[in-house]
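Observations on the three-dimensional arrangement
Residue-level listing of the chains:
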Amino acid sequence: MPLVDALPVLLALVAAFLFALGAQFQSVGLLSIEPRSGAVITITTSAVLFLLAAPFLLDPAHLLHPAVLTFVLVGLFRPALSANLALAGMKYLGPTLAITLTSTSPLFGAALGILWLGEVLTWQTGVGTLAIVAAVMVLSGRRGGAAVSWPVWALLLPIGAALVRSAGHVLSKYGMEWIPDPYIASMVGFVVSAVVTQTAHRVRRSAPAIPWRSRPALWFMGASVCFGVAIMALNTALLIGTVVQVVPVVAASPVFTLFMSVIAFRQERITPRILLAVAMVTPAVILIGLAD
C-alpha cells in the first residue's frame, strides 16, 4: 500500500493509541478528583493548547465562513457532554470496560446514516449490532446471583458518550466538506466546549473548587494533550481518507487500553467477563466499520 493511501490508517492508529493513553491518565486522576471537575480540567487545557497553536495553524478566513457554526454546534455537546459521560462511566466501570463500550460509536454512526441519509442496513452492521447487544448482556448479567461491583445503569454512561461522539463525528465531517481544516474543526469544538463546561461548573450547586495546582490535576492535563492530538489525527484521517479506513482502526482503542491496564498501569483487575466483552465488542465495531 502506497504511503499516501496508508496515511489515514496510520493517523487513525495514532488516535486510537492516544485515546487509550488519555483514558488511562484520567483513570489515575479520578482516584483524587471527581469526574466533572476532571472534565473541566481536561477540556479547558485542550482548548488553551489549541489557542496557543493558533499563530501557527489558524487561517482567520475560516472563522468567517458560515460552516464554522457546524463546529460551534459540535462543541456544545462534544467533548463537554461526552467527556462527562465517559469519565463518569470510567469512575464506575474502570478504563477497559468503559472505553470498550464507548468504542461502539461506529454502531451509532451506522444508525445515523440509515436514519438521516437513507443508507441500507448491511449484514455487517446487523451482525455487529447483535454482537454488541450480546456483550452488554454479558456485562450486565449477575453470575450465581452475586452482585457486580458496579450498578447496571452505569453501562449507559459510556454508551451515551459513544452516541454523542458519533453525532459529533457526523457533524464534523459535514463541516469539513466546506472548511477542509482539521485544526479549525478541533479548535472551535474544544473552545466552545470549554466555555460550556466552565459555565456548567460555575452554576452547579456546591461545586468543588477546581484543583488546578494539585498533582492529580496533572494527570488530566496529560490526558488533554493526548486527546487534543488524537482529535487532530482523527479529523485529519477523516479529511484525507474514508470512514471505512478510519473507524475500524480507531476502534482498536480498547485493545490498547487492555494492555496498558495489565502491563503499565496495573490499576485494574482484568476479569474473564471483561475479556469476553472486549473480544466481542472490538471485532463487532470493526465489522460495522468495514460495512459497505
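**Topic: the packing of helix α5 (residues 68–77) against helix α11 (residues 182–203)**
Direction vectors running N to C along α5 and α11 enclose 40°, while the axes themselves pass 7 Å from each other. With respect to each other, α5 and α11 are oriented oblique. For the pair α5 and α11, the crossing hand works out as right-handed. Together, V68, F71, V72, G75 and L76 of α5 and I184, A185, V188, G189, V192, S193 and V196 of α11 make up the contact between the two elements. Broken down by class, the residue content of the contact of α5 with α11 amounts to 9 nonpolar, 3 polar and no charged.

**Topic: the environment of A131**
If you trace the backbone, A131 turns up in helix α9 (residues 123–140). Exposure remark for A131: the relative accessible area of 21% places this residue in the partly exposed category. Ignoring anything within four residues of it in the chain, the contact list for A131 reads M280 and A284.

**Looking at unusual backbone geometry**
For the bond running from R78 to P79, omega is 10°, close enough to zero to count as cis. Relative to the elements of secondary structure, P79 occurs in the loop between α5 and α6 (80–93).

**Considering the environment of L156**
Within the secondary structure, L156 is located in helix α10 (residues 156–178). Judged by its relative accessible area of 60%, L156 is exposed. L156 sits 55 residues away from L101 along the chain, and the two C-alpha atoms are 8.9 Å apart.

**Observations regarding α5**
Side chains three or four residues apart in an α-helix point the same way, a direct result of the helix having 3.6 residues per turn. Among all positions of α5, only V68, T70, F71, V74, G75 and F77 are buried. Tucked inside the fold, the buried residues of α5 contact α4 (60–63), α6, α10 and α11.

**Details of the side chain of T44**
With respect to the helices and strands, T44 occurs in helix α2 (residues 35–52). Beyond its immediate chain neighbours, meaning those up to four positions away, T44 contacts A194, T197, Q198 and W212.

**As for the packing of aromatic side chains**
Under the defined criterion, the tally for this structure stands at 5 aromatic pairs. With a centroid separation of 6.2 Å and 35° between ring planes, the pair formed by F19 and F227 is classed as tilted. Placement of the pair is F19 in helix α1 (residues 3–29) and F227 in helix α12 (residues 215–240), with a sequence separation of 208 residues. In this structure F227 comes out as buried when scored by relative accessible area, which is 15%. Taking the centre distance of 6.0 Å and the plane angle of 45° together, the rings of F50 and Y183 count as tilted. A residue pair is termed long-range when its members are at least 10 positions apart, and F50 in helix α2 and Y183 in helix α11 qualify at 133 residues. In terms of burial, F50 and Y183 fall into one category: buried. By way of ring pairs, the aromatic residues F50, Y183 and F190 are connected into one cluster.

**Examining the nonpolar core**
Grouped together as the largest cluster of nonpolar side chains are 40 residues, with contacts concentrated most on F19, F71, V188, L234 and V246. Contributing elements (two or more residues each) for this core: α1, α2, α5, α11, α12 and α13 (243–250). Looking at which element gives the most residues to this core, the answer is α12, with 9 residues. Ranked by size, the runner-up nonpolar core spans 21 residues in total, among them A23, V40, L93 and A217.

Procedures and definitions
Residues numbered from 1 in each chain as written. Predicted model: local features only at pLDDT ≥ 70, side-chain atom pairs only at ≥ 80, totals over all residues. Heavy atoms only, no water. Axes fitted to C-alpha atoms, helices over the stretch in contact; angles between N-to-C directions. Helix = DSSP H or I, 4+ residues; strand = E, 2+ residues; numbered from the N terminus. Parallel < 35°, antiparallel > 145°, perpendicular 65-115°, else oblique. Left-handed = near helix turned anticlockwise from the far one by under 90°. Contact = heavy atoms within 4.5 Å. Nonpolar A, V, L, I, M, F, W, Y, C, P; charged D, E, K, R; others polar. Buried < 20%, exposed > 50% of the residue type's maximum accessible area, 1.4 Å probe, protein only. Phe/Tyr/Trp six-rings, centres within 6.5 Å; stacked < 30°, edge-to-face > 60°. Core = buried A, V, L, I, M, F, W, Y, C linked by side-chain atoms within 4.5 Å.

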